[in-house]
Amino acid sequence: MGKEIAHPNTAEHHIQSIEVYFLAEGEKFPFQVARFELNTHGESTQGPNTSTVFSEPNVAVSFKTEKSGTIYVTSYCNIHGIWKNTKELKVE
Ligand SMILES: [Fe+2]
């Protein structure tokens, strides 16, 4: 997430979740491979951005498959909504 320009990560503007799906060739529907909740964004009793603890929108997942297909990744920003990226997976 934010490969070229880092996405803001503040109490007011942050990524809340990331989901990974895989659609195997020849299948009609994708499977959800993983879902990550990013739950802390600097909030504390002292106010926004004061806890010094911020979930980072950098996650990794692994899975096995015998088929090629398409990996879909979505990330949800609390301001801008859903962002999507795809990558083809080739099994040889
Ligand atoms: Fe955003």
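The structure we're discussing is the one just above.
Residues numbered from 1 in each chain as written. Predicted model: local features only at pLDDT ≥ 70, side-chain atom pairs only at ≥ 80, totals over all residues. Heavy atoms only, no water.

Caption draft 1: Region of interest: the sheet that holds strand E2 (residues 31-37). Spatially, E2-E1-E3-E4 is the arrangement adopted by the four strands of the open sheet, whose pairing is antiparallel. At either end of the open sheet lies a strand with only one pairing partner, and these are E2 and strand E4 (81-89). The average angle at which neighbouring strand axes cross in this sheet is 15°, direction not considered. Inspection of the sheet shows strand E1 (residues 15-24) paired to strand E3 (residues 69-77) by nine bridges, in the antiparallel sense. Looking across to E3, one finds that leucine 23 is bridged to threonine 70. (Pairing = 2+ DSSP bridges. Helix = DSSP H or I, 4+ residues; strand = E, 2+ residues; numbered from the N terminus. Axes fitted to C-alpha atoms, helices over the stretch in contact; angles between N-to-C directions.)

Caption draft 2: Spatial organisation of the coordination of the iron ion. Distances from the iron ion to its protein donors, namely His7 (NE2), His13 (NE2), Cys77 (SG) and His80 (ND1), fall within the range 2.2 to 2.3 Å. Every donor counted, the four donor atoms about the iron ion form angles of 94 to 155° at the centre, which fits irregular coordination. Along the chain, the residues donating to the iron ion are arranged with the sequence spacing H-x5-H-x63-C-x2-H. Of the two residues, histidine 7 sits in the segment before E1 while histidine 80 sits in the loop between E3 and E4, which places them 73 residues apart along the sequence. (Donors = N, O, S within 2.8 Å, 3.2 Å for Na, K, Ca; no water. Tetrahedral: all angles 85-135°; square planar, octahedral: opposite > 155°, others 65-115°.)

Caption draft 3: Looking closely at the pattern of salt bridges. Considering all chains together, one arrives at three salt bridges under this definition. Residues arginine 35 and glutamate 19 are paired through a salt bridge, measuring 2.1 Å at the closest nitrogen-oxygen approach. Of this pair, arginine 35 sits in strand E2 while glutamate 19 sits in strand E1, and the two are 16 residues apart along the sequence. Exposure remark for arginine 35: the relative accessible area of 41% places this residue in the partly exposed category. Between glutamate 37 and arginine 35 there is a salt bridge, with the nearest N and O atoms lying 2.3 Å from each other. Residue glutamate 37 is classed as partly exposed on the basis of its relative accessible area, which comes to 43%. Linked through salt bridges whose partners overlap, the residues forming this network are Glu19, Arg35 and Glu37. (Salt bridge = Lys/Arg side-chain N within 4 Å of Asp/Glu carboxyl O. Buried < 20%, exposed > 50% of the residue type's maximum accessible area, 1.4 Å probe, protein only.)

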